[in-house]
Amino acid sequence: MIVAKNISKYYSHKEVLKNLSFNLDTNSITVLFGPSGSGKTTLLRCLSLLDYPESGKLNIFNSTYDFNSKLTKNIKPNSKINLVYQQLFLYPHLTNRENILIAIDDFNSSKKELFKNLTKLLEIEDVLENYPNQSSLGQKQRIAIARVLILEPDYILFDEITSALDIVQTNNIIRLIKDLKNKGIGSLIVTHNMYVIKKLADKLVFMQNGKIIEEGGSEILKTPTTVELKSFLK
């Protein structure tokens, strides 16, 4: 389980995350949604430890990170949780194969077998020797996902990865995330796409102005209890 308690984050003296507390179940799909500028991507960066909150605590698979401590600078990312960015950040001078393997120190027999299985699962075997600019957007999305999966995380954060995809590619990503869940890998997905929300979410979390306003199952889309969510859904 991933547990956040009283997480706050500032940028240029503006409070972007405001004392957030929540739990994320492993082997489950949580969808985080809300208006632009709500702090959703900032929250993903804090959960992945690519950025640090100013205060609060995180417990990630029994590892505790206390941001109230002065030792924050010594905190390193947790290998059990990884982030797939909306921008993908593939290196244009590397082949797709090299982009996937860039974070691997020892490409041993176990990793080779995993690589083979991943590229087959993601249907990218035929584009491994291509460069990103020779690949479709859908292929680049899957390359970025493979680069995370080769690290064997227990939990993946997805930031708007279907935003530029057509319905066929979107359904492929939905099917992949469900397959990951069946393999025991949980996901937190940031999206504005109501189709994706309805197809994927085991749990929904609605954010606005740096706060979690409402959370629950699919029922919160049908019978929201807060003025903010009612307004957003209209």
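Structure's up top.
Numbering of residues begins from 1 in every chain and follows the order in which that chain's sequence is written. Whole-chain, interface and lining totals are the exception, using all residues; otherwise, since this is a predicted model, local features are given only for residues with pLDDT of at least 70 and side-chain atom pairs are given and counted only at 80 or more. The side-chain numbers reported here are obtained from all heavy atoms of the structure, hydrogens and water having been left aside.

1. Focus: the overall build of the chain
Link 1 in the chain: In terms of helices and strands, the chain carries eight helices and ten strands.
Link 2 in the chain: Two things to know: the radius of gyration comes from C-alpha atoms, and the globule rule equals 2.2 Å times the number of residues to the power 0.38. The C-alpha atoms of the chain give 18 Å as radius of gyration, which agrees with the globular expectation for 234 residues (17 Å, within 12%).
Link 3 in the chain: Every one of the 234 residues in the chain was classed for burial, and the buried ones make up 48%.
Link 4 in the chain: Of the contacts made within the chain by residues no fewer than 6 positions apart, 65% connect residues no fewer than 24 positions apart.
Link 5 in the chain: Accessible surface area values rest on a Shrake-Rupley calculation with a 1.4 Å probe, where residue burial reflects the displayed protein chains alone. Accessible surface for the chain amounts to roughly 12,000 Å². Of this, 48% is attributable to carbon and sulfur atoms.
Link 6 in the chain: Asp and Glu count as negative and Lys and Arg as positive, but His and the ends of the chain are not part of the count. A single reference atom marks each charge: NZ on Lys, CZ on Arg, CG on Asp, CD on Glu. Counting 30 positive and 24 negative side-chain charges, the chain places the averaged centre of each group 4 Å from the other. Helix and strand assignments follow DSSP, with helices taken as H or I runs no shorter than four residues and strands as E runs no shorter than two, numbered in order from the N terminus. Each residue is assigned to one of three classes by its accessible area relative to the maximum for its type, calculated with a 1.4 Å probe on protein chains only: buried under 20%, partly exposed between the two thresholds, exposed over 50%. Should any heavy atoms of two residues lie within 4.5 Å, those residues are considered in contact.

2. Quick notes on the nonpolar core
Link 1 in the chain: Core analysis: the largest hydrophobic core is formed by 41 residues, its most contacted members being Val 84, Ile 100, Ile 145, Ile 156 and Phe 158.
Link 2 in the chain: Among residues more than four places away in sequence, those in contact with Phe 158 are Leu 44, Val 84, Ile 145, Ile 177, Leu 180, Ser 187, Leu 188, Ile 189 and Val 190.
Link 3 in the chain: By nonpolar core is meant a set of buried Ala, Val, Leu, Ile, Met, Phe, Trp, Tyr and Cys residues that side-chain atoms within 4.5 Å join together. In this structure, Leu 49, Leu 58, Ile 60 and Tyr 65 belong to the second largest nonpolar core, which totals 27 residues.

3. What to know about the sheet that holds strand β2 (residues 14-24)
Link 1 in the chain: For two strands to count as paired, DSSP must find a minimum of two bridges between them. Taken together, four strands build an open sheet; the order of strands is β2-β1-β4-β5 and the sheet is antiparallel. Every interior strand has two partners, whereas the edge strands, β2 and β5 (63-66), have only one. Geometrically, the sheet is characterised by an average inter-axis angle of 20° between neighbouring strands, direction not taken into account.
Link 2 in the chain: The pairing of strand β1 (residues 2-11) with strand β4 (residues 55-60) spans five bridges and is classified as antiparallel. Its bridge partner lying in β4, Ile 2 is registered against Ile 60.
Link 3 in the chain: The angle between two axes is taken between their N-to-C directions and runs from 0 to 180 degrees, where each axis is a line fitted to C-alpha atoms and a helix contributes only its stretch in contact. Helix α1 (residues 40-47) contacts β1, β2 and β4 of the sheet and is inclined by roughly 60° relative to β2.

4. Notes on helix α4 (residues 137-149)
Link 1 in the chain: Here α4 is 13 residues long and its end C-alpha atoms lie 18 Å apart, about the 18 Å a rise of 1.5 Å per residue gives.
Link 2 in the chain: Extensive coverage of α4 is indicated by the burial of ten of its 13 residues.
Link 3 in the chain: Among all positions of α4, only Gly 138, Gln 141, Arg 142, Ile 143, Ala 144, Ile 145, Ala 146, Arg 147, Val 148 and Leu 149 are buried. Given the number of residues in a helix, its expected span is that number minus one, multiplied by 1.5 Å.

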